[in-house]
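Fold and geometry: a report
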Amino acid sequence: MPSLKLFLHNTKIDFAGLRFLAYGLALIVVIGSLFFVSFKGINLGIDFKGGLLIEVRTNQNVDLSDLRKTLKTLGLGEVKIQSFGSDKDILIRLEHQPGGNKAQTLAAEKIKALLGGDFEFRRVEILGAKVSKDLIENGIMAVLFAMVGMLLYIWLRFEWQYGICAIIALFHDTIAVIGFYAVSGYEFNEAALAAILTTIGYSINDTVVVYDRLRETLRKYKSTPIPEIINLSANNIFLRTLVTSGTTLLALTALSLFGGPVIENFSMPITVGVVAGTFSSIFPSANLLLFFNLRKKKNRTQATNL
């Protein structure tokens, strides 16, 4: 059986020549994502909208899936259930009920009546707008700090031009994932922040591999035009990137298909992020370097030595 390497070992794809097509596709993704976010909006979860938080303890282990279905029969909207500490400690989150604090209290009483005496209600809290606002601000800061950290890392390891191009590519990936949440209607919650940060980490890893090979090729072929350097470098790591992304997508697809609704809500956005990150690391992040003179610093050094 022919191996994948036989077909993709010596590829000669004109990555630099396709840069304007790549730029166009990237702009379509960014503009389209911003359009859907602006006009359709994002389905914010309980974490960002506020709601009701109930901590209960049971005398025996409970199937969270069955409990979730039971609570949904009350028609109180979105319900999130998770165990913490032990299998007998359960945290129930209910979306904000219209009607103020009185409506939240009534919803808690309905849940108590439905679950009965087998559940010990240890804590009932109302998550207000301030808690949700703080979480949104902390989430934005987490993403921005990750971006700044990546910029500094690329800047120190390579040069400032590489850092700027990498950050532009990361913004593309981040906006693509957020746009997917707007288009699909998946709940945007704390897991969404984890999906965005995972995408950033995955994408920057691929970008570093491309930049490392590009810098190595740039030193080896000192008189070769930069577009050819980009093509040679991208083709050299193309098989590696394809196999890495492909195996990652296989695992994510399995999680999405068989992991249930909760896992799917996390794995599907990461799938989109992996595709966007693979695309941006090979095309925009490398080709954007054509706007900079990568040999300028070296030429100045040589002129000084003369």
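Since the model is a prediction, treat every value here as computed from it, not as a measurement.

What follows concerns the overall build of the protein. Counting its regular elements, the protein contains twelve helices and four strands. Contacts in the protein between residues far apart in sequence, at least 24 positions, make up 78% of those at least 6 positions apart. In the structure as shown, the protein presents an accessible area of about 16600 Å², 63% of it carried by carbon and sulfur atoms.

Another point: helix α9 (residues 226-258). The end-to-end C-alpha separation of α9 is 46 Å, in line with the 48 Å expected for 33 residues at 1.5 Å each. Most pronounced at F238, the bend in α9 amounts to some 45 degrees. Positive phi shows up at G260, right after α9, with a value of about 90 degrees.

On the surface, V148, L152, W155, W160, I164 and I168 cluster together to form a nonpolar patch covering roughly 570 Å² of accessible area. Those elements that provide at least two residues to the nonpolar patch are α6 (129-157) and α7 (160-184). Of note, L152 is situated in helix α6.

Turning to the packing of α9 against helix α10 (residues 260-282), a few remarks are in order. Following both chains from N to C, one finds α9 and α10 inclined at 170 degrees, their axes separated by 8 Å at the closest point. One finds that α9 runs roughly antiparallel with respect to α10. Taken together, the residues of α10 that come into contact with α9 (itself represented by A234, F238, T241, S245, T248, L249, L252, L255, S256 and F258) are G260, I263, E264, S267, M268, I270, T271, V274, V275, T278 and I282. Of the residues contributing to the contact of α9 with α10, the split by class is twelve nonpolar, eight polar and one charged.

Mapped onto the fold, V56 is located in strand β1 (residues 51-58). Classification of V56 as buried rests on a relative accessible area of 0%. Between the C-alpha atom of V56 and that of E120, which follows or precedes it by 64 residues, the distance is 5.3 Å. When sequence neighbours within four positions are dropped, the list of residues in contact with V56 reads K88, D89, I90, I92, F119, E120, F121 and R122.

The biggest cluster of nonpolar side chains holds 39 residues, and the ones touching the most others in it are I154, Y162 and Y211. Secondary structure elements with two or more residues in this core: α6, α7, α8 (190-220), α9 and α10. In terms of residue count, α8 provides more of this core than any other element does, twelve residues in total. Apart from the residues lying within four places of it in its own chain, the contact partners of I154 are E159, Y162, G163, A166, I204, V208 and Y211. Counting residues in hydrophobic clusters, the runner-up holds 16 residues, among them I54, A108, I111 and L115.

The description of two aromatic rings rests on the distance between their centres and on the angle between their planes. The tally for this structure, following the rule as stated, stands at 13 aromatic pairs. An aromatic cluster is built from F15, F238, F279 and F283, whose rings are joined through pairwise contacts.

What follows concerns the confidence of the model for the protein. In the predicted model, the protein carries a mean pLDDT of 79, and the fraction of residues at 70 or more is 87%. The least confident element of the protein is helix α12 (residues 296-305), whose mean pLDDT is 45; the most confident is helix α2 (residues 19-39), at 90. This stretch, residues 298-306, has a pLDDT under 50; its non-local contacts, to residues over four places away or in other chains, come to two contacts.

Here we come to the side chain of T271. Here T271 shows up in helix α10. Since its relative accessible area comes to 15%, T271 is described here as buried. At 2.9 Å, the side chain of T271 forms a polar contact with the backbone oxygen of S267. Those residues in contact with T271 that sit more than four places away from it in its chain are L249, L252 and S256.

With respect to the helices, strands and loops of the structure, V124 is situated in strand β4 (residues 119-127). For the pair V124 and R93, spaced 31 residues apart in sequence, the C-alpha separation works out to 9.9 Å. Apart from the residues within four sequence positions on either side, V124 is in contact with L52, L53, I54 and A108.

Once that is clear, we can look at the pattern of salt bridges. Close approach of charged atoms lets side chains of opposite charge pair. Enumeration over the complete set of coordinates arrives at three salt bridges. Between R215 and D212 there is a salt bridge whose closest N-O contact spans 3.3 Å. Placement of both R215 and D212 in helix α8 is noted, with a separation of three residues, approximately one turn of the helix. Judged by relative accessible area, which is 28%, D212 ranks as partly exposed. Taken together, the salt bridges that share partners define one network made up of R157, D212 and R215.

The rules behind each value
Residues numbered from 1 in each chain as written. Predicted model: local features only at pLDDT ≥ 70, side-chain atom pairs only at ≥ 80, totals over all residues. Heavy atoms only, no water. Helix = DSSP H or I, 4+ residues; strand = E, 2+ residues; numbered from the N terminus. Contact = heavy atoms within 4.5 Å. Areas by Shrake-Rupley, 256 points an atom, 1.4 Å probe, with all protein chains shown as cover. Expected span 1.5 Å × (residues − 1). Bend = angle between axes of the 7 residues up to and from the residue. Patch = residues over 30% accessible without salt bridge, like charges linked within 9 Å, V, L, I, M, F, W, Y side chains within 5 Å. Salt bridge = Lys/Arg side-chain N within 4 Å of Asp/Glu carboxyl O. Axes fitted to C-alpha atoms, helices over the stretch in contact; angles between N-to-C directions. Parallel < 35°, antiparallel > 145°, perpendicular 65-115°, else oblique. Nonpolar A, V, L, I, M, F, W, Y, C, P; charged D, E, K, R; others polar. Buried < 20%, exposed > 50% of the residue type's maximum accessible area, 1.4 Å probe, protein only. Core = buried A, V, L, I, M, F, W, Y, C linked by side-chain atoms within 4.5 Å. Phe/Tyr/Trp six-rings, centres within 6.5 Å; stacked < 30°, edge-to-face > 60°. pLDDT = per-residue confidence, 0-100. Polar contact = N/O pair within 3.5 Å; in protein donor to acceptor, adjacent residues only side chain to side chain.

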